[in-house]
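Understanding the architecture of this molecule
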Amino acid sequence: MNQESLPTKLYNVGISYKKADVKVRGAFSISKENQKLLLKEAKQKGIDGIFVLSTCNRTEITGFAKHPFELISLMVKYSNGSVEDFINVSNVYKNNDAVNHLFNIGTGLESQILGDYEIVCQLKESFKLAKKLNTTNAYLERLMNLVLQASKDVKNNTKLSSGTTSVAYAAIQYIVENVPNHTDKKILIYGLGEIGKNTCKNVLNYTTNKQITLINRTRETALGFVELHPEVKVGNFESLKEQIHDTDILIVATGASVPTVTKEHLKAGQELLILDLSMPENVDIAVKEINGITLINVDELSKITDKTIETRKSEIPKAEAIIGKYKAEFNDWISHRKFVPAVNALKESLQLIQQDEIAFHSKKIKDFNIEQAEFVTNRMIQKITTQFVKHLKDDDTAVDQSINVICKIFNTEITELQNG
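Predicted, not measured: the structure shown is a model, and the values here were computed from it.

This part covers the pairing of strand β2 (residues 50-54). In terms of burial, β2 is a largely internal element, five of the five residues being buried. Burial of the side chains of β2 extends over both faces: I50, V52 and S54 are buried on one face and F51 and L53 on the other. Relative to strand β3 (residues 58-65), β2 runs antiparallel, the two being bridged by five bridges. Within β3, the position partnered with L53 by the bridge is E60. The loop that links β2 with its antiparallel partner β3 comprises three residues.

In structure tokens form, the structure reads like this:
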């Protein structure tokens, strides 16, 4: 896709697990409320077409801008990250590379665990928020629609997501592989967001442990979950400290912006495994100073792989072929949007010539048949514009160059429609 002729270019700026560790990713995390403020400010500044994606593995802004720093400055303002840190660990994609990046994210090729599709739901929610705040445009709408179609196609027609591998699953895999007699251990799950729910379901599905307790700040949410899973107990948030003292394994999935478990929650001499699935980290790293405490975070869990990853890797070429099909469709759509104003401008120029010539000959030639002249010249105009369209659609055609030549020959300007 070539968007160089647009007054603004499509950029994707952000940080991810590839270059940024869990601490830096936590600093650049943008809360839902700040995402709304960011989008509103972008709109006020005239940025047309923008959305924000912020997950445990990445924070990214995709949008149209004259320079990527317009988007980077917004990211820094609404997170706790700095420009200096961003420069060290960031990715900046432009135009076609930005499009490729979004397709790779939406199909699981960019996930920390290859083929993990949790990102698809997060991508949908991010775009839904932008749409609600009227910060999307026709380009992003069409692009996201095709990314989601490609995602569904890859999921249904490849084994890229075969097996069960996610952070929530990796947590259980870690327990099974590293905790002796794990089925007899007391497990406390603190936080019942999406990851907390999935982790609890995985404990039930992949172990025979029957000593699971849930604690959530909103007790009603926990009670609602337990109605569907009666083998799980609900603990009181007010007695969190006591419940932690009485458990063997603590799984934290609270999703707060500051630590929700600190040294004050722990008991000296207690043997306790803590799995922190939150981003930013919700367990104060200082707890590692306490004897008997083992703290495992998201990055360490993500190192856990199994044979399904090898199966998934072999499916990458199939996934890329499917993505190629949808990218080609997007490029055709972009090209068509570019053709329409160019062809219309050519047609209007030819019609002006037609009118001038008919007016000239009607004065010079007695009994000049205007109707017949219009009929013949209209057919000529149609054939010329049709030939021009065929030329533009040819794979070997330099579209921008051809359009510029037509503009110069007929002394006309073409206004491209960015927002459809």
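Once the structure has been displayed, the description carries forward.
For residues other than glycine, phi is negative in most cases, and the peptide bonds are mostly trans. Note the cis peptide between M279 and P280, where omega equals 0°. As for its position among the elements, P280 is in the loop between β9 (272-276) and β10 (293-296). At N181, a residue that is not glycine, the phi angle is positive and equals roughly 50°. Of note in this structure, D367 is not a glycine but carries a positive phi near 55°. In this structure, D367 sits in the loop between α14 (316-364) and α15 (370-393).

The next point concerns the pattern of salt bridges. By the definition in use, this model includes twelve salt bridges. D299 is the partner of R25 in a salt bridge, and the nearest nitrogen-oxygen pair spans 2.8 Å. Of this pair, R25 sits in helix α1 (residues 22-28) while D299 sits in helix α12 (residues 298-302), and the two are 274 residues apart along the sequence. Across the pair, D299 and R25 agree in class, each one buried. Between K318 and E315 there is a salt bridge, with its nearest N and O atoms 3.5 Å apart. For E315, a relative accessible area of 7% corresponds to the buried category. Among the charged side chains, a salt-bridge network with shared partners connects E41, K45 and K77.

Below, the discussion takes up a nonpolar patch on the surface. A cluster of nonpolar side chains, contributed by F375, V376, M380 and I384, occupies part of the molecular surface with about 390 Å² of accessible area. Its place among the elements puts F375 in helix α15. Residue classification places F375 among the exposed positions, given a relative accessible area of 55%.

Looking now at the sheet that holds β2. One open sheet accounts for four strands, arranged β2-β3-β1-β4; its pairing is antiparallel. Unpaired on one side and paired on the other, β2 and β4 (90-94) mark the two borders of the sheet. Shown here is a sheet whose adjacent strand axes are inclined to one another by a mean of 15°, direction ignored. Examined bridge by bridge, strand β1 (residues 9-16) and β4 share five bridges and lie antiparallel to one another. Residue pairing for β4: I15 is matched across the bridge by S90.

Okay, helix α16 (residues 399-410) next. Between its first and last C-alpha, α16 extends 17 Å over twelve residues, near the 16 Å set by a 1.5 Å rise per residue. Turning to α16, its buried residues number three or more, namely V399, S402, I403, I406 and C407. Along the long axis of α16, the arc covered by the buried residues comes to 140°, so they all point the same way. Facing away from the buried surface of α16 by more than 90 degrees, the exposed residues are Q401, K408 and I409. Residues of α16 that are buried in the fold lie against α14 and α15. The positive-phi residue at the C-terminal boundary of α16 is N411, with phi of around 50°.

Reading the values: the criteria
- Residues numbered from 1 in each chain as written.
- Predicted model: local features only at pLDDT ≥ 70, side-chain atom pairs only at ≥ 80, totals over all residues.
- Heavy atoms only, no water.
- Buried < 20%, exposed > 50% of the residue type's maximum accessible area, 1.4 Å probe, protein only.
- Helix = DSSP H or I, 4+ residues; strand = E, 2+ residues; numbered from the N terminus.
- Pairing = 2+ DSSP bridges.
- Salt bridge = Lys/Arg side-chain N within 4 Å of Asp/Glu carboxyl O.
- Patch = residues over 30% accessible without salt bridge, like charges linked within 9 Å, V, L, I, M, F, W, Y side chains within 5 Å.
- Areas by Shrake-Rupley, 256 points an atom, 1.4 Å probe, with all protein chains shown as cover.
- Axes fitted to C-alpha atoms, helices over the stretch in contact; angles between N-to-C directions.
- Expected span 1.5 Å × (residues − 1).
- Arc of directions from axis to C-beta.
- Contact = heavy atoms within 4.5 Å.

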